[in-house]
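# Overview (structure and organization)
Listed here are the chains, written in short residue letters.
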Amino acid sequence: MLITQLKSKDTIEALAKGKVFIINCHGCKEVYFPEPEADELQKELKAKADVTEITTRDYICNPENLRLQLKKFEEKIKEADTILVFSCGVGVQTVAAYLDDKRVYACCDTCPLPGFQGVTPLEFDCGQCGECYLNYTGGICPITACSKSLVNGQCGGSKNGKCEVDKDMDCGWERIYRKLEKLGKLDTLKYPTQVRDYSKPFKEEK
Amino acid sequence: MKLTELFQRGEFVVTAEVGPPKGFHIEHLLHEVETYLKGRIHAINVTDNQSSVMRLGSLAMCKALKDIGVDAIFQITCRDRNRIALQSDILSAALFGIENLLCLTGDHTTLGDNPQAKPVFDLDSVSLLQMVGKLESGEDMAGNPLDGEAPSFCKGAVVSPCSDSVDVQLAKMEAKVKAGAQYFQTQAVYEPEKFIKFMEKAKQFGVPVQLGIVIPKNVGMVRYMNDNVAGIHVPPEMIEELKADKEKTKAGITGVEISARIIRECKDYCQGVHIMALGWESKIPDILKLAGL
Ligand code: SF4
Ligand code: SF4
């Protein structure tokens, strides 16, 4: 799950040079998009800059879909000096590649949000590590529930069950240990020393 | 000399700890070491950007200590380096003749003075210990052969005996022993009963343990530790003791007395002591004398 946050008004206003063409993407459920805030900001921008079009599309990350959706704006895009894109980072990259000779700017910062593909935001998160540890760790993800993504047990920083990074966050390894204790499965912690393989999510299975 | 040799000889191993400065002038530090520590202790830990505060490197400081004839313990954390840099630095330590390591996960970057830094944690304390073992067998982590003689170290680790989740810590200690830890230094102990109870369980691993001491300097410091430092609990009676005679506490006498008393009470249950003076290196000789070491 991703969340897009608007860049500051100052930043966006500074980007809006010359004739400005704006693309919003409200496409997928994977991305949370700040609709009312973007709306308001674009209204203000219209008063200050030469905005020739504001269009709201979906799935601009799909190049073929993007081409079809922008077809009817061909003229306006041609004469635009700046294309402002309000979408996730993938959407902006797709537009920038498609409108190769245009100044395409991102107006949002894209951050990860716990939860999973197209569903509601959740407290559970998966870092897509490519070698799922959940079966060793009582169904609690050590990659995302531990601030250091440790895979061989608790660090020395846990105090009163909380993580050293944030006193409001439960220590992931405390949770893992307690869960396994409850299941009578503490023995699973005696697995051989684990070393993450960072090449794995990008490797093809043989 | 390797600490393991001392433990094998049955010595009660005494170590201290220095934190390199935030700069490259080490004259003052070396002077303190020469004056208060050299000849009185077996070796000195050099911290690795302790508490994630950027400082002079641990390895360079270890070499400087070695050059004045003091055995150093190279503390190495996984916070700032990936496995390539860690393996490389361990080979560098071998080149400099540093024989003792203390392998740590490291504090999170956000706790330090450069909180914007990328936290690495490619390895952790356990996989770091295992990796050193691999280098000692003549191969790197990926199984590529090393050129020439393989390095050899005495590999240490840490444990928190007074942690509020001591069972979780014991599980980790076991993992570290399996991964090759040959001695342990503990987080600061202020409750000897808890430490003794911990040692009864830790005994089964058959690995020497050094009691950790942080000299209590004043009430503010111990309150801070109680609220913020993991694995440390200073009991109320001790806080009262520090409050009782302000002048005595300020002169460091109370801190020295408390430290020596904890050592005396725990001595028979462990194989050494590790004193973290945090700038009060000058008090270490008094502590050792009072503790009968
Ligand atoms: S261990 Fe965590 S990050 Fe890895 S696949 Fe499983 S849930 Fe995802
Ligand atoms: S305190 Fe717990 S959650 Fe935080 S980094 Fe350490 S092991 Fe991970």
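Residues numbered from 1 in each chain as written. Chains lettered and ligands numbered in written order. Predicted model: local features only at pLDDT ≥ 70, side-chain atom pairs only at ≥ 80, totals over all residues. Heavy atoms only, no water.

## A closer look at the sheet that holds strand 1 (residues 2-6) of chain A
All names here are of chain A.
- Strand order in the open sheet formed by 3 strands is 3-1-7, and the pairing between neighbours is mixed. Where the open sheet ends on each side, the last strands, each with one partner, are strand 3 (31-32) and strand 7 (108-112).
- Inspection of the sheet shows strand 1 paired to strand 3 by 2 bridges, in the parallel sense. By the bridge assignment for strand 3, Ile 3 is matched with Tyr 32. (Pairing = 2+ DSSP bridges. Helix = DSSP H or I, 4+ residues; strand = E, 2+ residues; numbered from the N terminus.)

## Examining the packing of aromatic side chains
Residues and elements named next belong to chain A.
- Under the counting rule described, the total for this entry stands at 4 aromatic pairs over all chains.
- Ring centres of Phe 21 and Phe 73 lie 5.5 Å apart, and the angle between their planes is 70 degrees; on these two criteria the pair is classed as edge-to-face. Taken as a pair, Phe 21 in strand 2 (residues 19-25) and Phe 73 in the loop between helix 3 (63-70) and helix 4 (74-79) lie far apart in primary sequence, 52 residues in all. Of the two residues, Phe 21 and Phe 73, neither departs from the other in class, the shared state being buried. (Phe/Tyr/Trp six-rings, centres within 6.5 Å; stacked < 30°, edge-to-face > 60°. Buried < 20%, exposed > 50% of the residue type's maximum accessible area, 1.4 Å probe, protein only.)

## Focus on the site of ligand 2
- Neighbouring residues of ligand 2: A:Cys146, A:Ser147, A:Lys148, A:Gln154, A:Cys155, A:Gly157, A:Ser158, A:Cys163, A:Glu164, A:Cys171, A:Gly172 and A:Trp173.
- In terms of residue class, the shell around ligand 2 is made up of 5 nonpolar, 5 polar and 2 charged. (Near = heavy atom within 4 Å. Nonpolar A, V, L, I, M, F, W, Y, C, P; charged D, E, K, R; others polar.)

## Quick look at the interface of chain B and chain A
- Chain B puts 33 residues into the contact, and the matching count from chain A is 28 residues.
- In this assembly, chain B packs against chain A so that about 2300 Å² is buried in total across both faces, 46% of it on carbon and sulfur atoms.
- Put simply, chain B and chain A have 2 salt bridges between them.
- The salt bridge involving A:Arg178 is made with B:Asp167; its shortest N-O contact spans 2.8 Å.
- Where chain B meets chain A, there are 17 residue pairs in polar contact (both at pLDDT 80 or more).
- Mapped by element, the contributors of at least two residues to the side of chain B that touches chain A are helix 5 (125-136), helix 6 (166-178) and helix 8 (219-228) of chain B.
- Sorting elements by how many residues they give to the side of chain B that touches chain A places helix 6 of chain B first, with 7 residues.
- In the side of chain B that touches chain A, the residues fall into 12 nonpolar, 11 polar and 10 charged. (Contact = heavy atoms within 4.5 Å. Buried area = accessible area lost by both parts, 1.4 Å probe. Salt bridge = Lys/Arg side-chain N within 4 Å of Asp/Glu carboxyl O. Polar contact = N/O pair within 3.5 Å; in protein donor to acceptor, adjacent residues only side chain to side chain.)

## Considerations on the site of ligand 1
- Every residue lining ligand 1 is accounted for by A:Cys126, A:Gly127, A:Gln128, A:Cys129, A:Cys132, A:Tyr133, A:Leu134, A:Cys141 and A:Ile143.
- When the residues that make up the shell around ligand 1 are grouped by side-chain class, the tally is 7 nonpolar, 2 polar and no charged.

## Examining the nonpolar core
- Membership of the largest hydrophobic core comes to 87 residues, with the highest contact counts inside it found for B:Leu65 and B:Leu211.
- The residues touching B:Leu65, leaving out its near neighbours within four places in the chain, are B:Val18, B:Leu30, B:Val33, B:Ile44, B:Val46, B:Val70 and B:Ala72.
- A:Phe21, A:Leu66, A:Ile77 and A:Ala80 belong to the second-largest nonpolar core, a separate cluster that totals 15 residues. (Core = buried A, V, L, I, M, F, W, Y, C linked by side-chain atoms within 4.5 Å.)

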